[in-house]
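Reading the structure
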Amino acid sequence: MGQVATLLAQRIALSLLLLFLVSILIFVGTIILPGDVAQSILGQSATPEALANLRAELGLNDPPLTRYFAWLGGILQGDLGTALTSGQDIATSIGTRLGNTLFLAFWAAVVAVPLAIFLGLLAVRYRDRWPDKLISAVTLASISIPEFLIGYLLMYFISVRLGWFPSVAMTNDSMGFWDKLNAIALPVMVLTLVVLAHMMRMTRAAILNVMQSAYIETAELKGLSGLDVIRKHAFPNAIAPIVNVVMLNLAYLVVGVVVIEVVFVYPGMGQYLVDHVSKRDVPVVQACGLIFAAVYIGLNMVADIVSILSNPRLRHPK
Amino acid sequence: MTNPLDFMAGRVSAGKMSRREFIGRASALGIGAAMANTMFAQAARAATPVKGGTIKMAFQGGSTTDSLDPALATNTVALMVIRFWGEPLVELDKSGGLVGKVAESFEGSADASTWRFRIRDGITFSNGQAVTPEDVVATMQRHSDDESKSGALGLMRDIKDIRVDGRDVVFELTSPNADLPYLMSDYHLMIQPNGGRDAPDAAIGTGPYILKEVDMGVRFVAEKNPNYWGDLGHADTMELLVINDNTARVAALQSGQVDLIDRVPPRTAKLVARAPNIDVHQTSGPGHYVFIMHCDTAPFDNKDLRLALKYAMNRQELVDKVLFGYGSVGNDTPINAAYPLFTELEQRSYDPEKAAFHFKKSGHDGSVLLRTSDNSFPGAPDAAALYQQSAAAAGIDIEIKREPNDGYWSEVWNAQPFCTSYWGGRPTQDQMYSTAYLSTADWNDTRFKNEQFDQLLFAARAETDQAKRKQMYADMGQIVHDEGGLICPMFNDFVEATSTRVSGFVEGIPGQVLMNGYAPHQMWVNA
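Within each chain, residue numbers correspond to sequence positions counted from 1 in written order. As they are written, the chains are lettered A onward and the ligands numbered 1 onward, keeping that order. Confidence filtering applies because this is a predicted model: local features only for residues at pLDDT of at least 70, side-chain atom pairs given and counted only at 80 or more, and all residues used for totals across whole chains, interfaces and linings. Hydrogens and water molecules were not included; the side-chain quantities draw on all heavy atoms of the structure.

On the surface, a nonpolar cluster with roughly 780 Å² of combined accessible area is contributed by Leu14, Leu17, Leu18, Phe20, Leu21, Ile24, Val28, Ile31 and Ile32 of chain A. Helix numbers and strand numbers start at the N terminus; a helix is a DSSP run of H or I with at least 4 residues, a strand a run of E with at least 2. Note that leucine 14 of chain A resides in helix H1 (residues 2–32). Surface patches are defined over residues having more than 30% relative accessible area and no salt bridge, joining like charges when they lie within 9 Å and nonpolar side chains (Val, Leu, Ile, Met, Phe, Trp, Tyr) when within 5 Å. We get accessible surface area from the Shrake-Rupley algorithm with a probe of 1.4 Å; when it comes to residues, only the shown protein chains can shield them. Salt bridge, as used here: a side-chain nitrogen of Lys or Arg that lies within 4 Å of a carboxyl oxygen of Asp or Glu.

In structure tokens, the structure reads:
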């Protein structure tokens with residue numbers, strides 16, 4: 001067990017180091033962007049005195065290293081700073097937006113992950129026969145169509161023609177839980193279609209790979225049914241690659257849904273980030289960048305940990 | 001509709017069919033004029049506004065980074081939100097004149113250099129505070145002092161002094177301006193308690209609604225102000241959603257989630273209008289799409305080359321193919337019938353022979369470089385390609401350079417000698433010309449410097465005899481038309497749409513988009 005603990009500790013430490021490096025990258029990236037933050041806040045009408053005042057107020061005259069550690073120190077204490085454009089506390093504004101994004105990502109994952117794995121298993125069970133081909137064709141088609149187009153198509157047929165679900169997925173605090181679910185039905189469908197193929201194909205490939213092994217043949221020879229062989233012998237040994245691709249897609253559901261948020265007018269992180277990038281609101285961009293990086297690194301870390309734990313050679317060292 | 005008469009009655013109730021048209025069509029169905037007249041009256045009575053209910057609307061243009069401070073308002077969403085809670089001193093009326101809001105009346109001195117506004121008695125802000133002339137003065141000062149970042153700053157430059165005199169607010173101008181009251185209708189100049197100095201973004205004003213929920217760039221909810229002094233506003237609740245994506249906005253209307261949207265894409269407007277539960281409205285406005293040449297930069301410093309390029313423009317083709325008919329042809333001046341004191345000039349039309357003649361006379365050799373981008377106006381690259389074709393027929397070779405959207409307004413517009421752009425228009429001719437055609441204007445994007453024009457502009461500003469003013473503006477229009485660097489192929493209409501759940505939208509209201517921003521107030525939910 002000691003070896004596993006060491007491996008896990010290493011993995012977590014590596015992730016933290018990575019996050020730290022990313023924070024440097026984000027900070028340097030936003031510093032070397034052309035244009036001065038004070039200048040972009042004040043605009044064309046800036047007088048030299050006003051510029052100097054604002055630069056002092058924002059601490060822009062300090063050396064970059066001091067500013068970086070001040071920023072990092074703030075973040076470690078949960079203080080993301082204030083937005084330049086609105087003067088509001090970033091942590092508060094991001095809190096709601098991040099909550100919305102996670103709400104959407106969670107329900108998309110709840111639908112997409114089990115469905116993808118089930119379809120993957122089904123495709124293996126009937127491989128090279130019509131269910132396998134049908135599943136592959138449909139999921140590959142849905143991943144190949146740009147997601148905004150899927151959005152428009154669902155919007156037109158399900159919302160405008162059939163009137164089943166609203167085309168605008170705007171949620172707010174006064175809505176009840178079921179109202180919210182109803183509102184996000186269409187974006188959940190689109191996101192499911194977008195991430196389904198990747199996870200399904202990976203599940204299918206990983207299990208097929210395992211199916212070549214001698215112990216699968218043994219299982220078949222001792223008379224287990226097709227699905228039982230997959231469930232009891234193939235799937236547990238294919239977990240590592242499947243979890244990897246699932247985590248990758250979960251990360252996409254959190255950080256990559258800007259287009260879907262715009263199409264369905266969903267008040268999540270993506271729209272918030274884009275609005276602030278176009279106004280050069282650097283503190284918000286830095287905060288969003290760091291949160292996205294943390295989500296990505298965190299989910300990949302979970303994937304690594306799961307594959308370590310699911311590896312029997314690591315769990316039962318000689 | 002099963003019965004054509006029912007359908008016509010519906011059109012009358014919706015304010016879309018006149019008495020003359022109704023009687024004409026009714027007689028085509030074999031109904032006598034007297035009978036038809038009675039029926040028209042009945043149908044029109046059905047158009048009486050209904051109080052109460054919620055109107056939901058979706059507009060383009062809002063962003064998470066917006067502020068509620070009216071001084072910083074730049075987009076349609078900000079305009080519409082301001083219209084809920086705030087009011088200016090005066091406002092445009094249906095015929096392009098002015099009507100008092102926070103000011104109940106106004107008058108100017110004989111030479112138009114002093115203006116006096118009488119502040120309406122007994123009206124209160126939504127926080128219960130009474131409106132005083134001091135609040136008005138503070139508001140005007142906030143928009144015009146040195147630290148001001150107000151979008152109305154440019155309008156306030158000629159104001160020398162603002163002071164309180166009893167119930168009046170008096171404006172002293174550095175130079176006479178007969179249009180000063182029009183400037184006061186600007187949507188940035190909302191009267192706020194203490195001018196909004198304490199809390200510029202508190203959204204407290206004298207408007208017919210009070211903001212209840214604010215989620216910047218996402219959603220706004222406003223409820224009727226029970227203490228509003230006037231009779232504006234029928235619905236109890238307004239819900240405004242920000243939907244920037246064109247397709248999503250149209251879908252929200254089609255699926256019945258909202259009752260009113262702006263900017264229906266001209267390309268699909270006719271398709272949208274085919275739905276039985278949707279009405280598409282078009283209103284001509286002062287907004288126009290332009291091809292602008294710098295009059296002081298070679299080769300465009302040659303008047304003959306400018307004329308050649310003007311004659312090479314097929315204006316009607318652009319209206320048909322770029323605006324899909326939702327607009328009207330321009331005449332190489334920034335002014336159209338949407339402006340007061342407008343005089344129609346002789347229409348310049350596509351004439352390859354004249355274009356070839358002037359092009360030859362200019363002595364220019366080789367191609368002309370035109371820069372364009374997607375965001376300079378909707379369909380600009382298409383318009384540039386059509387222009388290239390019509391110019392080629394006159395032997396003029398136009399080279400098109402497609403510029404990126406990002407940075408177009410800082411790197412290309414007002415910087416490069418020939419490019420595509422747009423103007424939203426201004427309430428008066430004086431403002432439009434002062435903003436972009438005066439020699440010293442910051443936004444003189446055609447580098448048009450004409451002494452005679454400048455003199456006329458100042459003279460017209462001070463002239464209080466409307467007939468003389470009208471003549472001066474006609475002369476100025478002629479100068480820009482002949483000498484200027486502006487090729488104005490088209491004025492774009494505002495294309496907006498409502499669901500049949502609501503009534504009261506009227507086409508042709510002068511001013512800004514959406515019935516000058518008052519569409520939600522004038523509309524009601526059908527009983």
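In this section: the interface of chain A and chain B. A common measure of how large an interface is: the accessible area buried when the components associate. Counting residues at the interface gives 21 residues for chain A, matched by 20 residues for chain B. Throughout, buried area stands for the accessible area (probe radius 1.4 Å) lost by two parts on being put together, summed over both. Taking both sides of the interface into account, the surface hidden between chain A and chain B amounts to around 1,800 Å²; carbon and sulfur atoms contribute 58%. As used in this structure description, the phrase polar contact means that two N or O atoms lie within 3.5 Å; if the pair is within protein, one of them must be able to donate a hydrogen and the other to accept it, and residues adjacent in sequence are counted only when both atoms belong to side chains. Where chain A meets chain B, there are six residue pairs in polar contact (both at pLDDT 80 or more). The set of elements that each furnish at least two residues to the side of chain A that touches chain B consists of helix H7 (147–161), helix H12 (258–263) and helix H13 (269–278) of chain A. Residue type decides the class: Asp, Glu, Lys and Arg count as charged, Ala, Val, Leu, Ile, Met, Phe, Trp, Tyr, Cys and Pro as nonpolar, and the leftover types, Gly among them, as polar. When its residues are assigned to classes, the side of chain A that touches chain B shows twelve nonpolar, six polar and three charged. When checking whether two residues touch, look at their non-hydrogen atoms; a contact exists if any pair is within 4.5 Å.

All names here are of chain A. The end-to-end C-alpha distance of helix H6 (residues 130–144), which contains 15 residues, comes to 21 Å, matching closely the 21 Å that a straight helix rising 1.5 Å per residue would cover. Relative accessibility under 20% of the residue-type maximum defines a buried residue, over 50% an exposed one, and the middle range a partly exposed one, all with a 1.4 Å probe and only protein chains included. Taken residue by residue, H6 has Pro131, Asp132, Ile135, Ser136, Thr139 and Ser142 as its buried positions. Buried residues of H6, seen end-on, are gathered within an arc of 140 degrees and therefore sit on one face of the element. Exposed and oriented more than 90 degrees from the buried face of H6 are Trp130, Lys133 and Ser144. Packing partners of the buried residues in H6 comprise helix H5 (90–125), H7 and helix H9 (185–211). The span expected for a helix works out to 1.5 Å for each residue beyond the first. In this context, the arc is that of the directions from the helix axis out to the C-beta atoms.

Let's shift gears to the pattern of salt bridges. All names here are of chain B. For the coordinates displayed, the defined rule picks out 28 salt bridges over all chains. In this structure, the salt-bridge partner of arginine 469 is aspartate 179, at a minimum N-O distance of 3.0 Å. Remark: aspartate 179 occurs in the loop between strand S7 (168–173) and helix H6 (180–183) and arginine 469 occurs in helix H16 (residues 466–483); sequence separation between them is 290 residues. Put simply, Arg116, Arg118, Asp165 and Asp168 are held in one network by salt bridges that share partners.

Before going further, it helps to examine empty space enclosed by the protein. The distinction between a cavity and a pocket rests on a 1 Å grid over the protein atoms alone: a 1.4 Å probe fits inside a cavity but cannot get out, while a pocket stays open yet meets protein on both sides within 12 Å along at least five of seven lines, and a residue with an atom within 4 Å of a point counts as lining. Grid points are joined across faces, edges and corners, and a volume is the space filled by probe spheres set on the points. A complete count under the given rule lists two cavities of 30 Å³ or more for this structure. Considered as a void within the structure, the largest cavity measures approximately 130 Å³ in volume. Lining of the largest cavity is provided by 13 residues; of these, Glu261, Val265 and Gln271 of chain A together with Gly217 and Val242 of chain B occupy positions nearest its centre. Per-class residue counts for the lining of the largest cavity are eight nonpolar, three polar and two charged. Lining the second largest cavity are Asp66, Ser67, Leu68, Asp69, Pro70, Ala73, Val77, Ala78, Val81, Ile82, Met216 and Phe220 of chain B. Per-element accounting of the lining of the second largest cavity gives the leading share, four residues, to helix H4 (residues 76–85) of chain B. Considering only residue class, the lining of the second largest cavity consists of nine nonpolar, one polar and two charged.

The next thing to look at is the sheet that holds S7 of chain B. Residues and elements named next belong to chain B. A pair of strands counts as paired when DSSP detects no fewer than two bridges linking them. Pairing in this open sheet of four strands is antiparallel, and the strands run S4-S5-S7-S6 from one edge to the other. Two strands in the sheet have a free side with no partner beyond their single neighbour: strand S4 (103–108) and strand S6 (159–165). The sheet shows a mean angle of 20 degrees between the axes of neighbouring strands, direction not considered. Pairing of S6 with S7 involves six bridges; the strand directions are antiparallel. Within S7, the position partnered with arginine 163 by the bridge is valine 170. Helix axes are fitted to C-alpha atoms over the stretch in contact, other axes to C-alpha atoms as well, and angles between N-to-C directions run from 0 to 180 degrees.

A few words on unusual backbone geometry. Residues and elements named next belong to chain B. Here the bond from alanine 298 into proline 299 is cis, since omega is 0 degrees, no more than 30 degrees from zero. Its place among the elements puts proline 299 in the loop between strand S12 (278–293) and helix H9 (303–311). Phi at asparagine 194 is positive, roughly 50 degrees, even though this residue is not glycine. The class of asparagine 194 is partly exposed, set by a relative accessible area of 33%. Despite not being glycine, arginine 263 shows a phi value in the positive range, around 45 degrees. Mapped onto the elements, arginine 263 comes out in the loop between strand S11 (260–261) and helix H8 (266–273).

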